[in-house]
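Summary of the model geometry
Listed here are the chains, written in short residue letters.
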Amino acid sequence: MLQIEIDSGSGFCFGVTTAIKKAEEELARGETLYCLGDIVHNSMECERLRKMGLVTIDHEQMSRLHNVKVLLRAHGEPPATYEMARRNNIEIIDATCPVVLQLQKRIKTQYLSGSEEGGARNDEAQIVIFGKKGHAEVLGLVGQTQGEAIVIESFDEVRRLDFSRDICLYSQTTKSLDEFHRIIDYIQQHIAPTATFRSFDTICRSVANRMPSISQFASRHDLILFVCGRKSSNGRVLYNECLRVNPNTHLIEGPEEILPAWLDGVETVGICGATSTPKWLMEQCRDAISL
């Protein structure tokens, strides 16, 4: 008989849970609520909330709205978004994750008045963010520096930094901790004697701590179904870790993508997901293969 286990550590992180709860509370009042961007990188959860009345908009659409309520998702927004809301008399329902909010403040402080240790001023230091270019969280972080921060997506891009100048390194909260440490090691080895280097480990531990646990989970099963929206940055990191441990890992967005052939000769199936994957969706995948 096929054994199926849903990973107890998978599912929404605190920030996403809070954002969705705020949206549900506002929608329960029967008022129109707009959300700036997908509330979570999971199309099925977005569709569930759309049916409840949540209207997803982009920045251009928001610029044309007045006297409405707009929810800011967990990823956070740059200062320009808050200024737009003020001009258009838009009430902000701020669901920015506290971890992201704290990171925004640290980067803004660095940009305006130098490092926390009283080091180089922002006009001398390069503020570097290890993150995905164009990602909502990263856009919010770069916005704290009026667009001046340098974004590097991977270890391979660290070589383009100017090692003769001071460097302050931060990370998107959902990036790989191991790759972040590789970047730190490389900068330490190449920074000029006359320059200073400071790194701030700003990776969310609720995400980073999932790496070892999901690795152990993936190793216990013949087949892994990783349920995740394909736009999820965090999901890609966790999926790759599952794939590294268990080559018989498949990324799916929902139960309709499961191929029966995957189950041939399989005795145990593990179902897991990203911080943007709802529990109900993993349960649907379980039900689809247990019929």
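First things first, this report covers the structure right here in the doc. Every residue gets a number counted from 1 within its own chain, in the order that chain's sequence is written. Totals for whole chains, interfaces and linings use all residues, but because this is a predicted model, local features are given only for residues with pLDDT of at least 70 and pairs of side-chain atoms are given and counted only at 80 or more. Just so you know, side-chain values use all the structure's heavy atoms and leave hydrogens and water out.

1. Considerations on helix 9 (residues 210-219)
For every residue, the accessible area obtained with a 1.4 Å probe (protein chains only) is divided by the maximum for its type, and the residue is called buried under 20%, exposed over 50%, and partly exposed between those limits. Starting at the N terminus, helices and strands are each numbered in turn, a helix being any DSSP run of H or I of at least four residues and a strand any DSSP run of E of at least two. Buried within helix 9 are the following residues: Arg210, Met211, Ile214, Ser215, Phe217 and Ala218. End-on, the buried residues of helix 9 take up no more than an arc of 165 degrees, which puts them together on one face. Two residues form a contact once any of their heavy atoms are found within 4.5 Å. As for helix 9, its buried residues are in contact with strand 1 (3-6), helix 8 (205-208), strand 10 (223-227), helix 10 (233-245) and strand 12 (268-273). As used here, the arc is the angular range of directions from the helix axis to the C-beta atoms.

2. A word on the pairing of strand 6 (residues 126-130)
Where burial is concerned, most of strand 6 is hidden: five out of the five residues are buried. Judged by which residues are buried, strand 6 turns out to be covered on both faces: Gln126, Val128 and Phe130 on one side and Ile127 and Ile129 on the other are all buried. By the bridge criterion, five bridges tie strand 6 to strand 8 (residues 167-171) in an arrangement that is parallel. Paired with isoleucine 127 across the two strands is cysteine 168, which belongs to strand 8. Bridge count for strand 6 against strand 7 (residues 150-152) is three bridges, and the pairing is parallel. Opposite isoleucine 129, over in strand 7, you have valine 151 as the bridge partner. Throughout, right-handed denotes a crossover for which the path from the first strand over the helix to the second runs clockwise when the strands point away from the viewer. In this view, the connection linking strand 6 to its parallel neighbour strand 7 by way of helix 6 (residues 136-143) has right-handed handedness. Two strands are counted as paired when DSSP detects at least two bridges linking them.

3. A few points about the sheet that holds strand 8
In space, the four strands of this open sheet follow the order 7-6-8-9, with parallel pairing throughout. Where the open sheet ends on each side, the last strands, each with one partner, are strand 7 and strand 9 (197-199). Ignoring which end each strand starts from, the neighbouring axes of this sheet average 25 degrees apart. Pairing analysis gives three bridges linking strand 8 to strand 9, with the strands arranged parallel. Interaxial angle, 0 to 180 degrees, is taken between N-to-C directions of lines fitted to C-alpha atoms, where a helix line uses only the stretch in contact.

4. Digging into the side chain of threonine 174
One can find threonine 174 in the loop between strand 8 and helix 7 (177-190). Excluding residues that lie within four positions of it along the chain, threonine 174 makes contacts with Val207, Ser233, Asn234 and Val237.

5. Here's the deal with the environment of valine 99
Here valine 99 is to be found in helix 5 (residues 98-113). In sequence terms valine 99 and glutamate 137 are 38 residues apart; their C-alpha atoms lie 11 Å from each other. Aside from chain neighbours lying at most four places away, what touches valine 99 is Thr173 and Cys204.

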